Amino acid sequence: MRAVTTSPSSPEPPSGDPAPSVDVVLPCLDEAAALPWVLRRIPPGWRALVVDNGSTDGSGRVARELGATVVREARRGFGAACHAGLTAATAEIVCFCDCDASLDPSDLVPFVDEVRSGAADLVLGRRRPKGRGAWPPHARAGNAALSLLLRRRTGLRLRDLGPLRAARREELLALDLTDRRSGYPLEMVVRAADAGWRITEHDVAYTPRTGASKVTGTWRGTYQAVRDMSRVLQGPPAREEVTP
């Protein structure tokens, strides 16, 4: 990957470079140690959009040196970082992946193929823990509880609400997502279900992250994430637009 200029908004590929076929949004807060592993696994022809959400460890510099496009988002929050990456993307298909080396972005290739072929509108990764401590019991319990609530709310029988996912950019923007905290991934699924999207999930390896977790590594972080997501589920279904 070639180095590209840091941009606070929609970045354009350097002159002479082809437009990316896929943009991968990587929300980032102090992930300098994990970035080399993650960025080496971005498939050829895809662009890594590293959204620096206030890092103090030089993550933005590391990402630029490794050839990623860096988008800065001053407002703290997982959803804020994800949405900044989505609005900065220009490719037809956008993927999301954690930036802590717990998930392999190369696993997104069949996700993109499924979206591009029209077989699905949103593809999610079902995390399968590999290695001790990859997915703490309290985090797994919170995910299971949210999956049950999601089933009651939408009828979807998903087993995970993980961050690895792929969909078309314009359709994602049309969902008009508003959560800027931990509820963003769930809001995406809920609004997609309300809009009648075809949603599928596939198993992906989930390994111990590099560095300390900001969310699932602690009971407090897990509680805050579940609280944010529960708030999303309590909201009313999205209203369908009426064509005049």
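None of these values were measured; they are calculated from a predicted model.

Calculation rules
Residues numbered from 1 in each chain as written. Predicted model: local features only at pLDDT ≥ 70, side-chain atom pairs only at ≥ 80, totals over all residues. Heavy atoms only, no water. Salt bridge = Lys/Arg side-chain N within 4 Å of Asp/Glu carboxyl O. Helix = DSSP H or I, 4+ residues; strand = E, 2+ residues; numbered from the N terminus. Buried < 20%, exposed > 50% of the residue type's maximum accessible area, 1.4 Å probe, protein only. Contact = heavy atoms within 4.5 Å. pLDDT = per-residue confidence, 0-100. Phe/Tyr/Trp six-rings, centres within 6.5 Å; stacked < 30°, edge-to-face > 60°. Lys NZ or Arg CZ within 6 Å of the ring centre and 35° of its normal.

**Things to note about the pattern of salt bridges**
This structure, assessed with the given rule, holds 14 salt bridges. Taking the shortest distance from any N to any O, the salt bridge between Asp104 and Arg41 comes out at 3.9 Å. With Asp104 in the loop between strand E4 (93-96) and helix H4 (109-117) and Arg41 in the loop between helix H1 (35-40) and strand E2 (46-52), this residue pair connects regions lying 63 residues apart in the sequence. Assessed through its relative accessible area of 27%, Arg41 is described here as partly exposed. Arg198 is the partner of Asp121 in a salt bridge, and the nearest nitrogen-oxygen pair spans 3.0 Å. Placement of Asp121 in the loop between H4 and strand E5 (122-129) and of Arg198 in the loop between helix H7 (184-194) and strand E7 (199-206) is noted, with a sequence separation of 77 residues between them. According to the relative accessible area criterion, Asp121 is partly exposed, its value standing at 25%. A residue is classified by how much of its surface remains accessible, and Arg198, at 42% relative accessible area, is partly exposed. Within this structure, Glu31, Asp100 and Arg209 form a network of salt bridges that share partners.

**Re helix H3 (residues 78-88)**
One turn of the α-helix equals 3.6 residues, which is why residues spaced by three or four share an orientation. Most of H3 is tucked away, with nine of its eleven residues classed as buried. Every buried residue of H3 is accounted for by Gly79, Ala80, Ala81, Cys82, His83, Ala84, Gly85, Leu86 and Ala88. Contacts from the buried residues of H3 go to strand E1 (22-28), E2, strand E3 (69-72), E4, helix H6 (169-174) and H7.

**Quick notes on the confidence of the model for the chain**
Interpretation of this model should avoid reading the predicted coordinates in detail wherever pLDDT is low. Taken over all residues, the pLDDT of the chain has a mean of 85, while the share at 70 or more is 78%. Long-range and interchain partners of residues 1-10, a stretch whose pLDDT sits below 50, account for 25 contacts in this model, where long-range means more than four residues apart. Within the model, the stretch residues 238-244 combines pLDDT values under 50 with one contact to residues more than four positions away or in other chains.

**A look at H7**
Among the eleven residues of H7, eight are classified as buried, and the element is accordingly described as predominantly covered. Within two residues after H7, Gly196 carries a phi angle of roughly 80°, on the positive side.

**Digging into the packing of aromatic side chains**
Geometry of an aromatic ring pair is reported as the spacing of the ring centres plus the angle between the planes. In this structure the tally under the stated criterion is zero aromatic pairs. Taking the ring centre of Tyr206 as reference, the NZ or CZ of Arg127 above it sits at 5.1 Å.

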